[in-house]
Amino acid sequence: MPALMAFSFPEDVMEHIFTFIDSDKDRNSVSLVCKSWYEIERWSRRRVFIGNCYAASPRIVIRRFPEVRSLSLKGKPHFADFNLVPEGWGACVDPWISAMAEAYPTLEELRLKRMVVTDEGLELISRAFKNFRVLVLSSCEGFTTDGLGAIAANCRNLRELDLRECEVDDRCGHWLSCFPETCTSLVSLNFACLDGEVSFPALERLVGRCTNLKTLRLNRAVPLEKLPNLLKRAPQLVDLGTGSFSVDLYPELSSNLLGAVTGCKELKSLSGFWDVTPACLPSIYPVCSGITSLNLSYATIRRPDFVKLVSQCHNLHQLWVLDYIEDSGLAAVASSCKDLKELRVFPSYINDAEQNFQLTERGLVSVSEGCPKLRSVLYFCHQMSNEALFTIARNSPNMTRFRLCIIEPHTPDYLTQQSLDAGFGAIVQHCKGLQRLSLSGLLTDRVFEYIGNYGKKLEMLSVAFAGESDLGLHHVLSGCPSLRKLEIRDCPFGDKALLANAAKLETMRSLWMSSCSVTLGACKLLGQKMPRLNVEVIDERGSPESLPDDCLVERLYAYRTVAGPRFDMPSFVWTVDEESNSRPS
Amino acid sequence: MTPPPLSVVEEGQGQGNVSLVPSPASLESRNGSGLKERNYMGLSDCSSVDSTAISSLSEENKSSMNLKATELTLGLPGSRLPDWDGSNQGKLDEKPLFPLLPSKDSAAASSVKNVVSGNKRGFSDAMDGFSEVKNAPFTEGNWMFTGTGSDTESAQPGSQGKFTLNAGVNSTISSRTTSLNLGVKSVSGNGHSGVDSAMLNEIVPSKGHERPGGGNGNGNGNGNQPAAKAQVVGWPPIRSYRKNTLATTSKNNDEVDGKPGSGALFVKVSMDGAPYLRKVDLRAYTTYQDLSSALEKMFSCFTIGQCGSHGAPGRESLSESKLRDLLHGSEFVLTYEDKDGDWMLVGDVPWDMFIDSCKRLRIMKGSDAIGLAPRAMEKSRSRN
């Protein structure tokens, strides 16, 4: 566009035009055109997503975007989910809340993932933001139900309160009863991860008066007997998470439940099903044909009951189950759920050596054969073969997320005893849009060569117990042009690959390496050479000053940042560089 | 192959063995205009990759790296790569499913410079040796990887061209044709007979046990676990939330063979004066003795800190006994918070009852725990 034309548009017209631009990527491009557009864009940006809370700081964000209404933040690295990040590492959201309380009084939405949230923070949110509407906390911790009570009590226009797999100290207080009787704005309420009981009368009244309620996910403490009353008050529900799904179904309850469920004609998503007893399952048959998402991953139902259920779910897009349903259960999925896009199969007995049921690679293969739209897979099993992976790759070229966890590390192809390099190579080669990949089984450096070469769209790679030398890591870091997150544990990758590809790290969000062969000296060098990276060494044994440079670090977490080293590190975390081992003073 | 961590010391790593050239050419080309987007806010992904540009660039790279010899061949195992055992070829009679360019057997002489990894050389010496490498463009790959390594690798038959492992000897590198391409190709070829798998499998338990400081999370020192299936922290990758939930699910469900040992029950353990918490799986133990020895191992590093010495691995045995003394003496006491929110001394109730009611553990200073004793007695009396 010629410069002359750009100047002839008044700013408020540009601003109005920019309100139609939603995607962050587009807004970024817009902001690079010229100074004027940069200014207009930054004043009109309402939603900000920060994939690593330490990549920026509250001050920097506020300075650039003064009128934000919605903020999403992610904190701890993904491996924190598996206890690899010690408690107290960081990612506390309180400083953000304090800063925004002053700068963004009109903040409406806050979405946090893997962050530490405190009751004080929640209280501040509830008081500082008069128009606060949406609170989504995924895998967060550090708060109690008292904090939730404050949110319930003070946020007049609350639309969404969504707690996804958080660790909440349940004080068994009456947080739910803190919703005032005047509250009618709720659209989404998810407290499935809480332990304690809520007041059932309060819950029923709340559900009854919130006529726009679309999502309701109960916790385990809500017994099945209470469900019919709730459903009758909310027939408009789209997403239901049941509580405990187990009871001796006397006839009256059974027909009550069935009637209530049938009344929910908009239901698309079902989850919960804790402690499910098979006799209770028929009560959801009426809605099966309509649902697109089914989460049975906490339900230990056996194959026959599962098959009866799933064969009615013809419109399923998303299915989460336990391996308890066995290969034949998945075969039933393959024949009934032709629109399936996402499948997750979780292990039911992780500490149990003897498996008295059969879930193998065949289950996944049959789903890939029967479900042509399959895009996203998370699969835990005990055996795999290259042949199976070839088949899956061939059947599912549109795969975008493929996470395979063969439970025993270093397990080879059970048919040939070879490594699984070729199989995973086929996946990356054929699934040209693959964005996320998790590897397992016996793997050499070769698989990384395939990944580096073919993984053009790969954004996130998770590696464990794989590879043989630095070459493996080098293949990935020197290839994979779209790589954003790389997490590695227990692999023989060391300094050379890391240092040779140091520049790559600045194009990525983060790199995690634990129990690998990276030395402290290399970390220091990396930190020194790359000032825009924070190179964190997380180590229990003592300060880097006391350890020799050739000693291996336990955990390395390197991420790019414009905010410089952080100052809220606990005593076992150091940001390292050659000159000074910077620690909070 | 993964050596035990200590042997890596010999290599003198981290002394600038490799070049650090910022902004490699291949990355620049993505933003064709030359504008450098800084995505630190995660606001956009640099995924607007011009695929043709990338593939042509990578081909360019390949030729300069002499990687033609390593064009990937994704045939079925044994079908194309002559070095593989091919012992299962009989089973696989399909044509290779994903043939690419044929593999070349020739070990192309490469323009690989002689990058040596010194054995505790001075920093400037090391840098001088690599000055050529340093100035070479990043993508040309003029450096070599000398893998970290154990000696067992060299015992492999037909290891010519295999990625050699350098136990700190400079001169050996130039004599072997260990160029990048060769290493890549033949590694897979020689790779995976049972020897390698066995070697790799050995590594797993050692990783689990040798970690200094006793690791975190699960107590690896539990005698009940069979040695081959040592519990590795955070593996399989399942969230504690799910593990805990499934544990109680299996207990409650009659249909399922709810063995008490199945599932897991993670609780937080804190120690007064220790920098951070850990989590333990209570179901991994069957007696108080098991639990307490696991905790001793887990927290021994903190006691080391308190004694003012550095936590070197070799001193573990000394500190364990010292910690045991501390724990059994009056200095530290193991307590737990039960479902009612009260803090109790560990050991008063039968183990199963303890598991049912324990929400979290705390290793308290003995002096703080004095007040607990009467309450604990009261409670156990009211229970019985």
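Given the structure is predicted, the values throughout are model-derived calculations rather than measurements.

What counts, and at which threshold
- Residues numbered from 1 in each chain as written.
- Chains lettered and ligands numbered in written order.
- Predicted model: local features only at pLDDT ≥ 70, side-chain atom pairs only at ≥ 80, totals over all residues.
- Heavy atoms only, no water.
- Helix = DSSP H or I, 4+ residues; strand = E, 2+ residues; numbered from the N terminus.
- Rg over C-alpha atoms; globule rule 2.2 N^0.38 Å.
- Buried < 20%, exposed > 50% of the residue type's maximum accessible area, 1.4 Å probe, protein only.
- Contact = heavy atoms within 4.5 Å.
- Areas by Shrake-Rupley, 256 points an atom, 1.4 Å probe, with all protein chains shown as cover.
- Patch = residues over 30% accessible without salt bridge, like charges linked within 9 Å, V, L, I, M, F, W, Y side chains within 5 Å.
- Salt bridge = Lys/Arg side-chain N within 4 Å of Asp/Glu carboxyl O.
- Lys, Arg positive; Asp, Glu negative; His and termini not counted.
- Charge placed at Lys NZ, Arg CZ, Asp CG, Glu CD.
- Phe/Tyr/Trp six-rings, centres within 6.5 Å; stacked < 30°, edge-to-face > 60°.
- pLDDT = per-residue confidence, 0-100.
- Arc of directions from axis to C-beta.
- Polar contact = N/O pair within 3.5 Å; in protein donor to acceptor, adjacent residues only side chain to side chain.
- Right-handed = clockwise from strand over helix to strand, strands pointing away.
- Pairing = 2+ DSSP bridges.
- Axes fitted to C-alpha atoms, helices over the stretch in contact; angles between N-to-C directions.
- Disulfide = S-S within 2.5 Å.
- Parallel < 35°, antiparallel > 145°, perpendicular 65-115°, else oblique.
- Nonpolar A, V, L, I, M, F, W, Y, C, P; charged D, E, K, R; others polar.

## Side note on the overall build of chain A
Within chain A one finds 22 helices and 23 strands. A compact globule built from 585 residues should have a C-alpha radius of gyration of about 25 Å, and chain A, at 26 Å, falls within 12% of that. Relative to its 585 residues, chain A shows a buried fraction of 65%. A separation threshold of at least 6 residues defines the contact pool for chain A, and within that pool the share at least 24 residues apart is 70%.

## Observations concerning the overall build of chain B
Scanning chain B for helices and strands turns up 13 helices and 5 strands. Looking at chain B as a whole, 51% of its 384 residues are labelled buried. For chain B, restricting intrachain contacts to residue pairs at least 6 apart in sequence, the fraction spanning at least 24 positions comes to 63%. Accessible surface computed for chain B: about 17500 Å², of which carbon and sulfur atoms make up 53%.

## Here we look at a negative patch on the surface
All names here are of chain A. The grouping of Glu11, Asp12, Glu15 and Glu67 at the surface amounts to a negative patch. Structurally, the position occupied by aspartate 12 is in helix H2 (residues 11-18). The exposed category is assigned to aspartate 12, whose relative accessible area is 56%.

## With respect to the packing of aromatic side chains
Residue and element names in this part refer to chain A. In this structure the tally under the stated criterion is 22 aromatic pairs over all chains. Aromatic side chains tyrosine 54 and tryptophan 89 sit 5.6 Å apart centroid to centroid with 80 degrees between the ring planes, which places their arrangement in the edge-to-face category. Within this pair, whereas tyrosine 54 is found in the loop between strand E1 (47-50) and helix H5 (58-64), its partner tryptophan 89 is found in the loop between strand E2 (70-74) and helix H6 (94-103), the two being separated by 35 residues in sequence. Among the residues examined, tyrosine 54 registers a relative accessible area of 10% and is labelled buried. The class for tryptophan 89 is buried, based on a relative accessible area of 1%.

## Some words on the environment of A:Leu505
All names here are of chain A. Residue placement: leucine 505 occurs in helix H21 (residues 502-505). Sequence separation of leucine 505 and methionine 530 is 25 residues, and the distance between their C-alpha atoms is 9.0 Å. Those residues in contact with leucine 505 that sit more than four places away from it in its chain are Leu477, Leu498, Leu511, Leu526, Leu533 and Arg560.

## Overview of the confidence of the model for chain B
Residue and element names in this part refer to chain B. For chain B, the mean per-residue pLDDT works out to 51, and 22% of the residues sit at or above 70. This stretch, residues 1-34, has a pLDDT under 50; its non-local contacts, to residues over four places away or in other chains, come to 96 contacts. Note that residues 39-229 has pLDDT below 50 and, in this model, 389 contacts with residues that lie over four places away or in other chains. Here the prediction assigns the complex a pTM of 0.71, and the interface score ipTM is 0.87.

## Quick word on helix H3 (residues 24-31) of chain A
Residues and elements named next belong to chain A. For H3, every residue scored as buried is listed here: Asp24, Arg27, Asn28, Val30 and Ser31. Each buried residue of H3 sits inside an arc of 160 degrees when the element is viewed along its axis, so together they form one side. Where the residues of H3 are buried, they touch H2, helix H4 (35-44), E1 and H5.

## Points about the environment of A:Leu240
All names here are of chain A. Take leucine 240: it is sitting in strand E10 (residues 239-241). Using a relative accessible area of 3% as the deciding quantity, one classes leucine 240 as buried. Between the C-alpha atoms of leucine 240 and cysteine 193, which are 47 residues apart in sequence, the distance is 14 Å. Not counting chain neighbours up to four residues away, the residues in contact with leucine 240 comprise Leu216, Leu227, Leu231, Leu267, Ser269, Leu270 and Ser271.

## Describing the pattern of salt bridges
Evaluated as defined, the whole model comprises 35 salt bridges over all chains. As a salt-bridge pair, B:Arg239 and A:Asp81 come within 3.2 Å of each other at their nearest N and O atoms. Of the two residues, B:Arg239 is situated in the loop between helix H7 (194-210) and helix H8 (240-252) and A:Asp81 in the loop between E2 and H6; the pairing between them involves two chains. On the basis of relative accessible area, B:Arg239 is assigned to the partly exposed category, the value being 25%. For the salt bridge of A:Arg566 with A:Asp568, the shortest nitrogen-to-oxygen distance reads 2.9 Å. The exposure class assigned to A:Asp568 is partly exposed, which follows from its relative accessible area of 36%. Sharing partners across several salt bridges, the network here consists of A:Asp24, A:Arg27, A:Glu41, A:Arg45 and A:Arg64.

## Digging into helix H8 (residues 145-154) of chain A
Count 3.6 residues to each turn of an α-helix, and residues three or four apart come out pointing the same way. Residues and elements named next belong to chain A. The element H8 is extensively covered by neighbouring structure, given that 7 of its 10 residues are classed as buried. Turning to H8, its buried residues are Thr145, Gly147, Leu148, Gly149, Ala150, Ile151 and Ala152. Of the surrounding secondary structure, the elements contacted by the buried residues of H8 are helix H7 (119-128), strand E4 (134-138), strand E5 (141-144), strand E6 (160-164) and strand E7 (167-169). Where H8 begins, the side chain of threonine 144 points an oxygen toward the backbone nitrogen of aspartate 146, at a separation of 3.0 Å.

## What about the pairing of strand E14 (residues 342-346) of chain A?
All names here are of chain A. The element E14 is extensively covered by neighbouring structure, given that 5 of its 5 residues are classed as buried. The alternating pattern of E14 places Glu342, Arg344 and Phe346 and Leu343 and Val345 on opposite faces, both of which are buried. Considered for its hand, the β-α-β crossover made up of strand E13 (residues 318-322), helix H14 (residues 326-336) and E14 is right-handed. In the sheet, E14 pairs with strand E15 (residues 376-381) via 4 bridges, with the strands oriented parallel.

## As for the side chain of A:Ser376
Along the chain, the position of A:Ser376 falls in strand E15. If we skip the residues at most four places from it in the chain, A:Ser376 touches A:Lys341, A:Glu342, A:Leu343, A:Met399 and A:Arg401.

## Here's the deal with the environment of A:Leu439
Residue and element names in this part refer to chain A. Positionally, leucine 439 belongs in the loop between strand E17 (436-438) and helix H18 (445-454). Look at leucine 439 and you get buried, because its relative accessible area is 4%. The spatial distance from the C-alpha of leucine 439 to the C-alpha of alanine 466 is 8.1 Å, given a sequence separation of 27 residues. The residues touching leucine 439, leaving out its near neighbours within four places in the chain, are Leu404, Phe424, Val447, Phe448, Ile451, Leu461, Ser462, Val463 and Ala464.

## Comments concerning the sheet that holds strand E3 (residues 332-338) of chain B
All names here are of chain B. Here we have 5 strands laid out as an open sheet, ordered E2-E1-E5-E3-E4, and mixed in their pairing. Strands with a single pairing partner mark the edges of an open sheet, and in this sheet they are strand E2 (278-281) and strand E4 (343-345). Recorded for the sheet is a direction-independent mean angle of 30 degrees between the axes of neighbouring strands. One ladder, built from 7 bridges, connects E3 with strand E5 (residues 358-365); its direction is antiparallel. What sits directly across from valine 333, in E5, is methionine 364.

## Considerations on unusual backbone geometry
Excluding glycine, most residues fall at negative phi; most peptide bonds, likewise, are trans. With an omega of -5 degrees, the peptide bond running from B:Trp235 to B:Pro236 counts as cis. Locating B:Pro236 in the fold gives a position in the loop between H7 and H8. Of note, A:Asn83 is a non-glycine position whose phi angle comes to about 65 degrees, a positive value. Take A:Asn83: it is sitting in the loop between E2 and H6.

## Here's the deal with the confidence of the model for chain A
Looking at chain A as a whole, its pLDDT mean stands at 93, while 96% of the residues score no less than 70. Across residues 580-585 of chain A, confidence stays below pLDDT 50; counting only partners more than four residues off in sequence or on other chains, it has 14 contacts.

## Notes on the state of the cysteines
Two cysteines form a disulfide when their sulfur atoms are joined by a covalent bond. All names here are of chain A. Under the defined criterion, the tally for this structure stands at 0 disulfides over all chains. Looking at cysteine 183, it has no disulfide partner, and the nearest cysteine sulfur is the one in cysteine 210, 4.6 Å off. The class for cysteine 183 is buried, based on a relative accessible area of 4%. Just so you know, cysteine 280 is unpaired, no disulfide at all, and the nearest cysteine sulfur is the one on cysteine 288, 14 Å from it.

## Here we look at the packing of helix H17 (residues 421-430) of chain A against H18(A)
All names here are of chain A. Where H17 contacts H18, the axes come no closer than 8 Å and their chain directions differ by 5 degrees. What the angle tells us is that H17 and H18 run roughly parallel. Seen from H17, the contacting residues are Asp421, Ala422, Phe424, Gly425, Val428 and Gln429; seen from H18, they are Arg446, Val447, Tyr450, Ile451 and Tyr454. Its residues placed into classes, the contact of H17 with H18 shows 7 nonpolar, 2 polar and 2 charged.

## Description of the pairing of E3(B)
Counting buried residues along E3(B), 6 of its 7 residues qualify, which places the element largely inside the surrounding structure. The antiparallel pairing of E3(B) with E4(B) creates a hairpin that spans 4 residues between the two strands, and B:Gly341 there sits at a positive phi of about 90 degrees.

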